[in-house]
Structure formats: C-alpha cells, structure tokens
Amino acid sequence: MNWAEKIKSSFFYMKSVARAALIVLVFLLAGGSAAAQIENFEDITQLPARGWVMQNNSVPPGTTGWFQGNSTFPAHTGASNSYIAADFHNANDTGVINNWLLTPPISLSTGAMVTFWTRARAGTMFPDRLEVRLSTNGASSNVGTSANEVGDFTTRLLVINPNLEVGGYPQNWTQYQVFVPGTPGTGRLAFRYFVTNGGPSGDNSDYIGIDTFSVNTGDPPPPGDTPLDYNGDGRTDYVVVRKTGSGSPGQVTWFINNGTNYTQTPWGTSTDYYISGDYDGDDKADVTVYRPETENSYFYTLRSSNGTFIARQLGTNSDDPTVVGDYDGDDIDDFAVYRGGAAQGQKSFWYYFGSATPNAVLSSVEWGQNGDYPVPGDFDGDGKNDFCIQRNNGNNEGVFYLNKSGGGFETVFWGTSSDYILPGDYDGDGKTDFAVVRGSGGQILWSVLGRNNNNIIHFGAAWGSTQTDFPTHGDYDGDGKTDLAVWRPGITPGSPPAYFYVRKSTNGALSAVQWGQLGDYPVANFNGH
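What counts, and at which threshold
Residues numbered from 1 in each chain as written. Predicted model: local features only at pLDDT ≥ 70, side-chain atom pairs only at ≥ 80, totals over all residues. Heavy atoms only, no water. Helix = DSSP H or I, 4+ residues; strand = E, 2+ residues; numbered from the N terminus. Buried < 20%, exposed > 50% of the residue type's maximum accessible area, 1.4 Å probe, protein only. Areas by Shrake-Rupley, 256 points an atom, 1.4 Å probe, with all protein chains shown as cover. Pairing = 2+ DSSP bridges. Contact = heavy atoms within 4.5 Å. Salt bridge = Lys/Arg side-chain N within 4 Å of Asp/Glu carboxyl O. Axes fitted to C-alpha atoms, helices over the stretch in contact; angles between N-to-C directions. Core = buried A, V, L, I, M, F, W, Y, C linked by side-chain atoms within 4.5 Å. pLDDT = per-residue confidence, 0-100. Phe/Tyr/Trp six-rings, centres within 6.5 Å; stacked < 30°, edge-to-face > 60°. Lys NZ or Arg CZ within 6 Å of the ring centre and 35° of its normal. Polar contact = N/O pair within 3.5 Å; in protein donor to acceptor, adjacent residues only side chain to side chain.

This part takes up the overall build of the chain. From N to C terminus, the chain includes 1 helix and 36 strands. Burial statistics for the chain: of 529 residues in total, 55% are counted as buried. If you sum the accessible surface of the chain, you get close to 20300 Å²; carbon and sulfur atoms cover 48% of it.

Okay, the pairing of strand β35 (residues 510-514) next. Every other side chain in a regular strand lies on the same face of the sheet, so the side chains alternate between the two faces. Covered by surrounding structure in β35 are S511 and V513 only, the residues L510, A512 and Q514 on the alternate face being uncovered. In this structure, strand β34 (residues 499-503) lies alongside β35, joined through 5 bridges in antiparallel fashion. Bridging across to β35, F500 finds its partner in V513. As consecutive antiparallel partners, β34 and β35 are separated by 6 residues, and within that stretch G508 has a phi angle of approximately 80°, a positive value.

If you trace the backbone, T103 turns up in the loop between β6 (91-102) and β7 (106-107). Among the residues examined, T103 registers a relative accessible area of 0% and is labelled buried. Apart from residues lying up to four places away in sequence, T103 is in contact with Q37, G51, W52, R188, L189 and F213.

By secondary structure assignment, the location of P423 is in the loop between β28 (420-421) and β29 (434-440). Sequence separation of P423 and N527 is 104 residues, and the distance between their C-alpha atoms is 7.2 Å. Those residues in contact with P423, other than ones at most four positions away along the chain, are V375, P376, T432, D433, H473, N527 and H529.

The next subject is the sheet that holds strand β31 (residues 456-465). Here 4 strands make up an open sheet; going across it, the order is β28-β29-β30-β31 and the pairing antiparallel. One side of each edge strand has no neighbouring strand; the edge strands of this open sheet are β28 and β31. For β29 and strand β30 (residues 443-449), the ladder comprises 7 bridges, and the chain directions are antiparallel. Note that in β30 the partner of F434 across the bridge is L449.

The subject of this paragraph is the pattern of salt bridges. Inspection of every chain in the model, using the stated rule, returns 12 salt bridges. Between E39 and R50 there is a salt bridge, and its shortest N-O distance comes to 3.1 Å. Taken as a pair, E39 in strand β1 (residues 35-39) and R50 in the loop between β1 and β2 (53-56) lie far apart in primary sequence, 11 residues in all.

With that settled, the discussion passes to the sheet that holds strand β20 (residues 309-313). With respect to topology, 4 strands assemble into an open sheet ordered β17-β18-β19-β20, the strand pairing being antiparallel. Edge positions in the sheet fall to β17 (273-277) and β20, since each has one partner strand and no second. In this sheet, adjacent strand axes meet at a mean angle of 25° when their direction is disregarded. Pairing analysis gives 5 bridges linking β17 to strand β18 (residues 286-291), with the strands arranged antiparallel. Paired with Y273 across the two strands is Y290, which belongs to β18.

What follows covers the nonpolar core. Counting residues in hydrophobic clusters, the biggest one holds 42 residues, and the most contacted among them are Y230, W254, Y274 and V523. Only β14 (238-243), β15 (251-257), β17, β18, β19 (298-302), β22 (347-353), β33 (484-488) and β34 provide two or more residues apiece to this core. Counting residues in each nonpolar core, the second largest holds 35 residues, with W66, I84, A91 and A112 among its members.

A separate point is the confidence of the model for the chain. Of the residues in the chain, 88% have a pLDDT of 70 or more, and the chain-wide mean is 86. Contacts for the low-pLDDT stretch residues 5-35, under 50 throughout, to residues beyond four places or in other chains number 126 contacts. Low pLDDT, under 50, characterises residues 219-224; the stretch is placed with 16 contacts to residues that sit more than four places away or in other chains.

Another aspect to go through is the packing of aromatic side chains. A full pass over the atoms with the stated rule returns 36 aromatic pairs. Measuring from centroid to centroid gives 5.6 Å for F73 and W173, while their planes differ by 90°, and the two rings are edge-to-face. Of this pair, F73 sits in the loop between β4 (67-68) and β5 (84-87) while W173 sits in the loop between β10 (155-160) and β11 (174-180), placing them 100 residues apart in sequence. The exposure classification of F73 matches that of W173, with both residues buried. Grouped by ring-pair contacts, the aromatic residues Y238, W254, Y274, F470, Y476, W487, F500 and Y521 constitute a single cluster. The residue whose ring lies beneath R119 is F73, and the NZ or CZ to ring-centre distance is 4.1 Å.

Here we take up the pairing of β20. Bridge analysis of β19 against β20 gives 5 bridges, and the strand direction is antiparallel. The residue of β20 that forms the bridge with F299 is R312. In sequence, β19 turns back onto β20 through a hairpin of 6 residues, with G307 there showing a positive phi of about 75°.

Let us now look at the environment of D483. Position of D483 relative to the elements: it lies in the loop between β32 (470-471) and β33. Between the C-alpha atom of D483 and that of H473, which follows or precedes it by 10 residues, the distance is 5.7 Å. Not counting residues within four places of it along the chain, the set of residues in contact with D483 comprises H473, G474, D475, Y476, D477, V502, R503, K504 and S505. A polar atom in the side chain of D483 sits 2.7 Å from the backbone nitrogen of Y476. Only 2.7 Å separates the side chain of D483 from the side chain of S505, close enough to count as a polar contact.

Cis geometry marks the peptide bond from V59 to P60, where omega comes out at -10°. Tracing the sequence through the fold places P60 in strand β3 (residues 59-61). Look at the link from S248 to P249: it is a cis peptide, with omega at 0°. Turning to its location among the elements, P249 is positioned in the loop between β14 and β15. Non-glycine residue T212 carries a positive phi angle of around 50°. Among the secondary structure elements, T212 is positioned in strand β13 (residues 207-217). Unusually for a residue other than glycine, N395 sits at a positive phi of about 55°. With a relative accessible area of 83%, N395 lands in the exposed category.

Structure, rendered in structure tokens:
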C-alpha cells in the first residue's frame, strides 16, 4: 500500500452518527459590536439589582442555589472566587436539579452573541449538565415551578453534556459562544443547571462554575467563504475530532481552534464520516457527520445560523459523502454523495439535494465508472460545483475528466493515477485547481495545475512527511488562496504534541500551530480523494 492509499485508509478508519440530541453548534467570532452586557460575577449579591434572577426549582429542594465561587477551583479571570457556581446540594437526597440563572432583559431585534466560560471540577466522576435557554416574552422570569418545567424559556440554544457522561463537561475553563437570531422585541437568556438523578445521594451532579459572561447585540461580523471556517472570519480553522466516549462506536468531540479561541462540540461517533460545509448559507461551516448504513445513510448537521439540528437521508453505506458542495449556485452547500460503479465497466452516479430547489429535490448525474475517484469542486468558476473524476489512463498516468456545470467537457492529464487528490483554489482566481500529492523519499510532494491557461502553481513542492502527516489543505491566512498544510500527530503517547504546519500562500512562511494529540483525526483531510 502506497502513502496515498494509507491516507485514504486512515480516513475510512476514522469515519465518524451524530447523537440525536439537540446540541447547538458552539462557535467563536472575532470582533463584533459593542457589548450590551458584561458580567464577571465578582459579587453575586449585586446581581438582582442589575436585573438578574435566580430561582431553584429542584425536587426535592436542597440547601444551595447559585452561590459565589469558592476554593473548588479559581475563577477564569479576576479574584479567585469571582465566578458563580452551583452544585449537587441544589437538590436533596436523590432528585432532579433544576436551578435557573436568568439574565437581565435584552433586545432581540438585531440578534445577539452570547459568550461565557464554564467548567466542572477536575477529575469528577459525577457528571454535570448545563443548558442555555431563551425566552422571547419580554422581561418574563417564568421558568415554571416543578423540576421539569421551563416556563417561557422554551427555546434551548445550547446544552453541555446532554447525556450526562463522565468527562463530558469541560474540566478546565472553556469558552462557549452562541448566536441568538434576531426577532422583534425583548427577552431573557437563562442558564439552567439541569441534572437528573442528582443530589447528594444521586449518581450525577457535582459542581460547576460560570464566568466572564457577555452579550453583544447587533449583527455578527462580516462572514467569510472558506473551508472549515466555523467563525466566519475568512480563515480555515484548525479542527480535530477525538473519541471521547467509551464503547464502540464511542462519542467523539470536535475541537475547533480559530487561532484565538477554541470550542469543544460533542457531535458524532467514531464510525461516522466527518464532513465540513456551509449548509445554511451564513458563510460559516456547520459541524456535520455522515452515518453510513446498509439501506438509509444520513447527514447530521448542526446549523451555525440558528443552532437547529437537521438530518438528511441520502445514500447507502458504499457511497462517498466527501463530495458535498454548492451544486446549484445559491451559495449554500448541498448534501451530496458519489456512488461508484459496482463492478468493472459499470457507471458511477453523483446524487445531491439542491438547496435552491423547493423541498430540496434529489438530483442525479451520471459521470465516471468503477475504479474512478471523485474530485469535487468548481473548476470553471461559475459558482456551481462541477462533476469531475480521476482515472488511470494506463502506465500509471492520471487523467481528469471534467463535466462542467455550465456545459462542456474537458480532459486534463496531470499526475499519476496513484496520487492523492486535494482540490482547492491555490491561486485565488475563484476556480478549483487540479492538485495532487505523492510520497517520495519520505516527503509529501505537492503539484498543482491552475485553471489560468494551465498555469503550474506548484510542481513537486515538498511539504510534510509521509511517515506521520495528514494533508490538511485550506486557506489558513485568509488571502483567498489554498495553503499547503499538514497535520502531524505525536508518534507515540508521550511524544511531542500534534501540530498543524502551514505554508502560507501570502509569503511562503511556515506557520506551526499546536493542536490535537495522537489518535485524533484532522477534519480538513476529509476533502482528499
């Protein structure tokens, strides 16, 4: 097996279905409008005077509600106790913890960005859970009166550790940020410490803290249009997935680093494919997985625009979901699969749900045959994905057959049939280029043929090691050009940590970003064929 085949095999080994819990995609935005509210919880006795409401509806009621942080762990910022906390004493005996912390009313007319930091006790074996909820009923503080009521706070924006898994709540201060879509009028946000089978005698609930809370009202920053750009700043983010749950398949968590901040999003299992794309048209990538099944396979997506969860049935377990893209030109990525011919000589088909079509009608295009590799991208720059495959032309020569969305066909000879294909716009002309890599002498060699009169952008450019590295091409410097990039995990447990190594297209300089660990999978590698 050559190096490219090993990379392909590792992707299929690391394929990861989303748990069917409603979890909001947590994302981080650089910049934004002025903060309408900031709270650092230096003295929580002052909160009621500032419009905050605390109400503990736990059953049976315990001896604590929300209280000033203590020596269990220090605050995120400021004095060591300057955070707000809740714990297992919110309920008595074995019960249901339903403890509410409501913000002052906020204007919802232009939307809002909510940011806060939270954590649990390090090493705890008693899992915690926190929800962020929204009421659009003005200054209402109605959260019901029983353990399971939510009153006017019927919209759940975020849930941390929804299934109450040990280790599922962050045990170091972690920033979360979620966008509240604009709606007329005012409302309140609420933190709900909600733990079933909690209390001093229960199996769940321990101690959590919340700190450094802010609400930025107004429109979010101008979005970008870049692969794996989860915060809309026009740059590819550093993203790995990691198996964090027990069993097989186990829960996985997405670790997203945008260069300034990071998020952790539990989504999917270790047998899913990890797929990136913008499926709601807000120019931010959505956390997405694809679960292959014998008859009905599904895409599961967390929309970054409004936090809703969607499931789209498409394909079977032998289909390739890495061909997602915008096939109808509406600036929204479409769910798509490539179905290779089942036997020698049999035709291959591309299937996609066009988001520009009412009710997302399924479309199919016959292109390719058994043994071909799909190569997704917009090669003619018309804003629509084309249909392209790579084929062995004999004597290990690689040939690309392109069926353009605007009409016409092309045949392009480039590379060898055993090369690994990494489509991207490497020269920033708005067209996908023919890019291949191969291993030689322990190095990864990149060769890229552009679409501007077949200009050669790279030829045999060495970037990465075949012994350890995963290609992770993307636009990490935000100049509109795909950068050469690899992710290098540690070789063995305890070895040096994992790094993304990026050769910036702006100036050719090396950028090294520590992110991930041995056993993780870099999501940017999904767009390799």
